[in-house]
Amino acid sequence: MPRFVYSEIVDQAARVLFAEHKVSVSDQYGKCTAPGYVVDESRDGVVRIAHRMPEPDLLDDDRMSDDEMAAERHQMVDAYAATLSAAGWTVERRGPRSRKPYLLAARP
């Protein structure tokens, strides 16, 4: 089974976001190595957008706290929502009180 399957709606959403934001980068094992957006196909022509971040190094005394990481996720998800809305997409925010918020978006 192929790891990635092309989806037109995912491609369209990713192109809108790529113009202003960085995409999340993963290594060959799927571990996040650079923060950024992730776009996945959902149901009925909807995409799910989230902000993905590398896990903190627990041996690093200067690592981000869980609250700081949650705040960054909320800030970036809000920025993704603004970008998609400006491009005419319908955006629904999910998990507003969650540590890992996400968006559901539909193309115009």
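The rules behind the values
Residues numbered from 1 in each chain as written. Predicted model: local features only at pLDDT ≥ 70, side-chain atom pairs only at ≥ 80, totals over all residues. Heavy atoms only, no water. Pairing = 2+ DSSP bridges. Helix = DSSP H or I, 4+ residues; strand = E, 2+ residues; numbered from the N terminus. 1 Å grid on protein atoms, 1.4 Å probe; cavity = no way out; pocket = protein on both sides within 12 Å on 5 of 7 lines; lining within 4 Å. Points joined across faces, edges and corners; volume = space filled by probe spheres on them. Nonpolar A, V, L, I, M, F, W, Y, C, P; charged D, E, K, R; others polar. Core = buried A, V, L, I, M, F, W, Y, C linked by side-chain atoms within 4.5 Å. Buried < 20%, exposed > 50% of the residue type's maximum accessible area, 1.4 Å probe, protein only. Contact = heavy atoms within 4.5 Å. Axes fitted to C-alpha atoms, helices over the stretch in contact; angles between N-to-C directions. Phe/Tyr/Trp six-rings, centres within 6.5 Å; stacked < 30°, edge-to-face > 60°. Lys NZ or Arg CZ within 6 Å of the ring centre and 35° of its normal.

1. Focus: the pairing of strand β3 (residues 36-41)
Taken together, the six bridges between β3 and strand β4 (residues 46-52) define a ladder with antiparallel strand orientation. The residue bridging valine 39 from the neighbouring strand is isoleucine 49, located in β4.

2. Some details on the layout of surface pockets
In this structure, the second largest pocket encloses a volume near 160 Å³. Lining the second largest pocket are Val38, Ala50, His51, Arg52, Met53, Glu55, Arg73, Lys100 and Pro101. Of all the elements, β4 adds the most residues to the lining of the second largest pocket, at three residues. Class assignment of the residues belonging to the lining of the second largest pocket gives a composition of four nonpolar, one polar and four charged.

3. A look at the nonpolar core
The nonpolar side chains of soluble globular proteins are, as a tendency, buried together. If you look at the biggest cluster of nonpolar residues, it comprises 15 residues, and the most contacted ones within it are Leu17, Val39, Val47, Ile49, Leu84, Trp89 and Leu103. Contributing elements (two or more residues each) for this core: α1 (8-18), β3, β4, α2 (66-86) and β6 (102-106). Leaving out residues up to four positions away in the same chain, leucine 103 has contacts with Val47, Arg48, Ile49, Val77, Tyr80, Ala81, Leu84, Val91, Glu92 and Arg93.

4. A look at the sheet that holds β4
The four strands lie next to each other as β3-β4-β6-β5, forming an open sheet whose pairing is antiparallel. Only two strands of the sheet have a single neighbouring strand rather than two, namely β3 and β5 (90-94). Sheet twist, expressed as the mean angle between neighbouring strand axes with direction ignored, is 25°. By the bridge criterion, five bridges tie β4 to β6 in an arrangement that is antiparallel.

5. Let's talk about unusual backbone geometry
Phi is positive for aspartate 44, which is not a glycine, with a value near 50°. Checked against the element boundaries, aspartate 44 lands in the loop between β3 and β4.

6. Remarks on the packing of aromatic side chains
In this structure the tally under the stated criterion is one aromatic pair. For arginine 48, the ring lying beneath its charged end belongs to tyrosine 102, and the centroid distance is 3.9 Å.

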